[in-house]
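# Results of the structural survey
So the chains spell out like this:
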Amino acid sequence: MLNDQKVVFSGVQPSGNLTIGNYLGAMRNFSAFPDHKCFYCVVDLHAITVRQVPADLRRRTYETLALYIASGLDPEKNVLFVQSHVPAHAELGWILDCYTMFGELSRMTQFKDKSAHHADNINAGLFTYPSLMAADILLYQTDIVPVGIDQKQHLELARNIAARFNGVHGETFVVPEPYIPETGMKIMSLAEPTAKMSKSDPNPNAVVYILDDPDTIMRKFRRAVTDSDCTICRGEGKEGIANLMTIYSCCTGKSDEEITAEFSSAGYGKFKEAVGEVVIEALRPVRQEWTRLMADKAYLEQVMKSGAEQAAYYARKTMSKVRRKLGFV
Ligand code: ATP
Ligand code: LTN
């Protein structure tokens, strides 16, 4: 990038209501790179690997873009855009399919999980999802990719694809590094704390959505599954409490020791309410700003349009290099 500025890229699918897992594991960290050239994308091409209702997909695309802005990303300083508005993603995705091995894709745990969940629709896009994700990243010569830990395997594959292409054709792509937060990399379900909190979980009590109102957030935390012990610390069989400690830590910056000391004489009920309160306060400004933005579709459309134009400019540079290296006339 210009003057050796480092590049950051990440994406979120408009495939459901976003959760505090998406927020604490990924979106919150998107504002951590004020001196980098940052691209944040609403990855709608990825979302259709699972059947979507078109009207819902359209609405969620606006909602996800508005959440980017509401969570602190200034569209004047970051390139915010929709993946399908920049056709080079699909184009490079195809090319990288030809540099990705069947065996590599077969080992992806997200593919195995999603095919188990959608046994009636194990389509080729679900299988080649990681090479499209590699295209998203490599198209912008990305240095850093902030994601939750569940995406680490896809990132490793993107690195391998970049290195393989560079090996065959000479330096073409920057090999990207993941940026995975130490606290919040994997927020767990409130109902089943050994499973990831997932926006596609059918049990609404398992998941706190970024846009849940304060009463709903508090109710969900009060019901969170814990254990029959009564000390607030991490340990075997204490995944529920550990998850609540992680969430509390993400919102307050406090360490495990500080949390254990703060709640040494409190019961689980009191701790759960304290977690609910800090989450409500962390999300309050996001929800307010989001509501304001969603009332201004014209503004969101202008952000999308300008973002797509800027993204296309950088994508074009990489694509002409790729075409030349491949021998396309
Ligand atoms: P689904 O749960 O439907 O598979 P998802 O929420 O995992 O979807 P995305 O919306 O594409 O998928 O994820 C966006 C970002 O949020 C990714 O960087 C992902 O790693 C992160 N993320 C998702 N869930 C969690 C979680 N429970 N904890 C931490 N990070 C998460
Ligand atoms: N695969 C990611 C979403 C995603 C992404 C990306 C993340 C698509 N393209 C590029 C980072 C960079 C997911 O399912 N969470």
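What this report covers is the structure whose coordinates are included nearby. Keep in mind that this is a model prediction, so the values were computed, not measured.

Right, let's talk about the packing of aromatic side chains for a bit. All told, the structure shown has 17 aromatic pairs when counted by the stated rule. For the pair Phe33 and Tyr179, a centre-to-centre distance of 5.1 Å together with 75 degrees between the ring planes defines the contact as edge-to-face. Taken together, the positions of Phe33 in the loop between helix H1 (20–25) and strand E2 (37–42) and Tyr179 in strand E5 (residues 177–179) put the pair 146 residues apart, joining distant regions of the chain. Residue classification places Phe33 among the buried residues on the basis of a relative accessible area of 7%. Residue classification places Tyr179 among the partly exposed positions, given a relative accessible area of 34%. Site record: aromatic cluster; members linked through ring pairs are Phe9, Phe39, Phe81, Tyr140, Tyr313 and Tyr314. The ring of Tyr62 carries the charged tip of Lys297 above its face, separated from the ring centre by 5.0 Å.

Moving on to the nonpolar core. Ile20, Met27, Tyr40, Tyr68, Phe221, Ile247 and Phe271 are the most contacted members of the largest nonpolar core, which totals 61 residues. Tallying contributions element by element places helix H12 (residues 268–294) first for this core, with 12 residues. What Ile20 contacts, discounting residues up to four positions off in sequence, is Gly25, Ile187, Met197, Val208, Ile210, Phe221, Ile247, Val279 and Leu283. Residues Cys41, Val79, Leu139 and Met319 belong to the second largest nonpolar core, which totals 42 residues.

Attention now moves to unusual backbone geometry. Even without glycine at this site, Gln141 takes up a positive phi of about 55 degrees. Residue position: Gln141 is located in the loop between helix H7 (124–138) and strand E4 (144–146).

By the secondary structure assignment, Gln151 is in the loop between E4 and helix H8 (152–169). Only 3.1 Å separates the side chain of Gln151 from the side chain of Asp150, close enough to count as a polar contact. When near neighbours in sequence (up to four residues on either side) are disregarded, Gln151 contacts Gln110 and Met133.

It is worth spelling out the site of ligand 1 at this point. Near ligand 1, the surroundings consist of 20 residues, among which Asn22, Asp150, Lys196, Ser198 and Lys199 are the closest. Here Ile187 contributes a backbone N or O atom positioned 2.8 Å from a nitrogen atom of ligand 1. Contact distances for ligand 1 include 2.6 Å between an oxygen atom and a side-chain N or O atom of Lys196. When the free accessible area of ligand 1 is taken as 600 Å², the share hidden by the protein chains comes to 95%. Residue contributions to the shell around ligand 1 peak at 3 residues, all from H1.

Between its terminal C-alpha atoms helix H13 (residues 297–326) stretches 41 Å, which fits the 44 Å expected from 30 residues at 1.5 Å a residue. Taken together, the buried positions of H13 are Leu300, Val303, Met304, Gly307, Ala308, Ala311, Tyr314, Ala315, Thr318, Met319 and Val322. Positioned one or two residues after H13, Gly327 has a phi angle of 90 degrees, which is positive.

So, on to the pairing of strand E1 (residues 7–12). The buried count for E1 comes to 5 of 6 residues, which makes it a mostly enclosed element. Note: E1 against E2, 6 bridges, orientation parallel. Looking at E2, one finds that Val12 is bridged to Val42. Taken together, E1, H1 and E2 form a β-α-β motif whose crossover is right-handed.

Structurally, Ser198 can be placed in the loop between E5 and helix H9 (214–223). Measuring from C-alpha to C-alpha, the distance between Ser198 and Leu18 comes to 8.7 Å, with 180 residues separating the pair along the chain.

In the neighbourhood of ligand 2, 14 residues make up the surrounding shell, with Gln13, Tyr129, Met133, Asp136 and Gln151 lying closest. Within the side chain of Gln13, an N or O atom sits 3.2 Å from an oxygen atom of ligand 2. Note that a nitrogen atom of ligand 2 is positioned 2.7 Å from one of the side-chain N or O atoms of Asp136. About the coverage of ligand 2: the protein hides 91% of its 370 Å² of free accessible area.

All right, on to the environment of Cys233 then. Within the secondary structure layout, Cys233 lies in the loop between H9 and helix H10 (239–252). The class for Cys233 is partly exposed, based on a relative accessible area of 26%. When the C-alpha atoms of Cys233 and Ala32 are compared, they prove to be 29 Å apart, with 201 residues separating the residues in sequence. For Cys233, the residues in contact, after removing those within four places along its chain, are Lys238, Ile241, Met245 and Thr260.

About the thresholds
Residues numbered from 1 in each chain as written. Chains lettered and ligands numbered in written order. Predicted model: local features only at pLDDT ≥ 70, side-chain atom pairs only at ≥ 80, totals over all residues. Heavy atoms only, no water. Phe/Tyr/Trp six-rings, centres within 6.5 Å; stacked < 30°, edge-to-face > 60°. Helix = DSSP H or I, 4+ residues; strand = E, 2+ residues; numbered from the N terminus. Buried < 20%, exposed > 50% of the residue type's maximum accessible area, 1.4 Å probe, protein only. Lys NZ or Arg CZ within 6 Å of the ring centre and 35° of its normal. Core = buried A, V, L, I, M, F, W, Y, C linked by side-chain atoms within 4.5 Å. Contact = heavy atoms within 4.5 Å. Polar contact = N/O pair within 3.5 Å; in protein donor to acceptor, adjacent residues only side chain to side chain. Near = heavy atom within 4 Å. Areas by Shrake-Rupley, 256 points an atom, 1.4 Å probe, with all protein chains shown as cover. Expected span 1.5 Å × (residues − 1). Pairing = 2+ DSSP bridges. Right-handed = clockwise from strand over helix to strand, strands pointing away.

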